[in-house]
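For reference, the chains in residue letters:
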Amino acid sequence: MTAIAAKPYDYPLPSQTKVALVIIDMQRDFLELGGFGDALGNDVTQLQSIVPTVKKLLETLRSLNFPIIHTIEAHAPDLSDCPPSKLNRGEGGLKIGDRGAMGRILIVGEEGNNIIPELTPLDNEIVIVKPGKGAFCRTKLEEILQKEQITHLLITGVTTEVCVQTTMREANDRGYECLLIEDATASYFPEFKASTIEMLRAQGGIIGWTADADAVISAVTQKE
Ligand code: C5J
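Small disclaimer: the values here were computed from a predicted structure and weren't measured.

*Asks:* Got a sec to walk through the overall build of the protein chain? Specific residues and values, please.
*Replies:* The helix and strand tally for the protein chain stands at nine helices and ten strands. For 224 residues, the compact-globule formula gives about 17 Å, and the C-alpha radius of gyration of the protein chain, at 17 Å, lands near that figure. Projecting the C-alpha coordinates of the protein chain onto the three principal axes gives extents of approximately 50 × 35 × 30 Å. With 224 residues in all, the protein chain has 51% of them scored as buried. Sequence separation of 24 or more characterises 74% of the internal contacts of the protein chain that already satisfy a separation of 6 or more. Counting every atom, the protein chain has about 10100 Å² of accessible surface; 51% of that belongs to carbon and sulfur. Each charge class in the protein chain can be summarised by its mean position, and for the 21 positive and 31 negative side chains these summaries are 3 Å apart.

This is how it looks when you write it as structure tokens:
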């Protein structure tokens, strides 16, 4: 048994646990100019700052043969999986399905919808295409985790208070032990990131744990 130095207390990693790295929505649509995030008026450089840390985690856990799960927020070209409540949100800018500088916004297969080149998934890694903010909503993620006997999720990606937080809450309710890697998640709003971290680990870790990437890397390296 080992543990990751975390808050509100150490995150236990019993020897039999199967741990996956989850990388949420590190897509050009959120991180680059001309994508969905930019169209909504956000400063995309806030998200770009975590790329080296996520890459380091990915390369380390990949080299140790941990399962890697990438998610992509995307919709079908005919938008049949995008409810009006999502499609019509936002004012002024481009909407989901509109043509932007990197193709149609948040549409599967479009240039802007791809994961950024630095974090491109390998063929043997799991990629979950999700129409919602949470990675469990209308996807096969739970089925895959059960089949692979994965019980512990190390969560990274963007944006902290939207898709990352929603996914961590969905996972926690399903019984997964979740740890959010603080310097490997980002928001367009730094104050939202800080609040999300506080609320997830409040009340004795009501939704889960948080830790730095270095603490995670040091513990998983020992676990092997
Ligand atoms: C958003 C996400 N913010 N990946 N998506 O629309 O957080």
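*Asks:* Account for the side chain of threonine 17, naming residues and giving values.
*Replies:* Here threonine 17 is to be found in the loop between β2 (11-13) and β3 (19-24). With relative accessibility at 13%, the residue threonine 17 sits in the buried group. Only 2.7 Å separates the side chain of threonine 17 from the backbone oxygen of proline 14, close enough to count as a polar contact.

*Asks:* Any details on the packing of helix α7 (residues 160-173) against helix α8 (residues 190-205)? Residues and values, ideally.
*Replies:* Direction vectors running N to C along α7 and α8 enclose 15 degrees, while the axes themselves pass 10 Å from each other. On the basis of the axis angle, α7 is roughly parallel to α8. In the crossing of α7 with α8, the sense of the turn from one axis to the other is right-handed. Between α7 and α8, the residues in contact are Thr160, Glu161, Gln165, Met168 and Arg169 and Phe192, Lys193, Thr196, Met199 and Leu200, respectively. Of the residues belonging to the contact of α7 with α8, the class tally is four nonpolar, three polar and three charged.

*Asks:* Please set out the packing of aromatic side chains residue by residue, giving values where relevant.
*Replies:* Inspection of every chain in the model, using the stated rule, returns five aromatic pairs. Ring centres of tyrosine 9 and tryptophan 209 lie 5.5 Å apart, and the angle between their planes is 75 degrees; on these two criteria the pair is classed as edge-to-face. Of this pair, tyrosine 9 sits in the loop between β1 (2-4) and β2 while tryptophan 209 is found in strand β10 (residues 209-211), placing the two residues 200 residues apart along the sequence. Clustering of aromatic rings is evident, with ring pairs tying together Tyr9, Tyr11 and Trp209.

*Asks:* Pulling in residues and values, what's your account of α7?
*Replies:* Over its 14 residues, α7 extends 18 Å from the first C-alpha to the last, a length consistent with the 20 Å expected when each residue adds 1.5 Å. Those residues of α7 lying buried are Thr160, Glu161, Cys163, Val164, Gln165, Thr167, Met168, Glu170 and Ala171. Glycine 175 lies just past α7 and shows a positive phi near 95 degrees.

The rules we used
Residues numbered from 1 in each chain as written. Predicted model: local features only at pLDDT ≥ 70, side-chain atom pairs only at ≥ 80, totals over all residues. Heavy atoms only, no water. Helix = DSSP H or I, 4+ residues; strand = E, 2+ residues; numbered from the N terminus. Rg over C-alpha atoms; globule rule 2.2 N^0.38 Å. Buried < 20%, exposed > 50% of the residue type's maximum accessible area, 1.4 Å probe, protein only. Contact = heavy atoms within 4.5 Å. Areas by Shrake-Rupley, 256 points an atom, 1.4 Å probe, with all protein chains shown as cover. Lys, Arg positive; Asp, Glu negative; His and termini not counted. Charge placed at Lys NZ, Arg CZ, Asp CG, Glu CD. Polar contact = N/O pair within 3.5 Å; in protein donor to acceptor, adjacent residues only side chain to side chain. Axes fitted to C-alpha atoms, helices over the stretch in contact; angles between N-to-C directions. Parallel < 35°, antiparallel > 145°, perpendicular 65-115°, else oblique. Left-handed = near helix turned anticlockwise from the far one by under 90°. Nonpolar A, V, L, I, M, F, W, Y, C, P; charged D, E, K, R; others polar. Phe/Tyr/Trp six-rings, centres within 6.5 Å; stacked < 30°, edge-to-face > 60°. Expected span 1.5 Å × (residues − 1).

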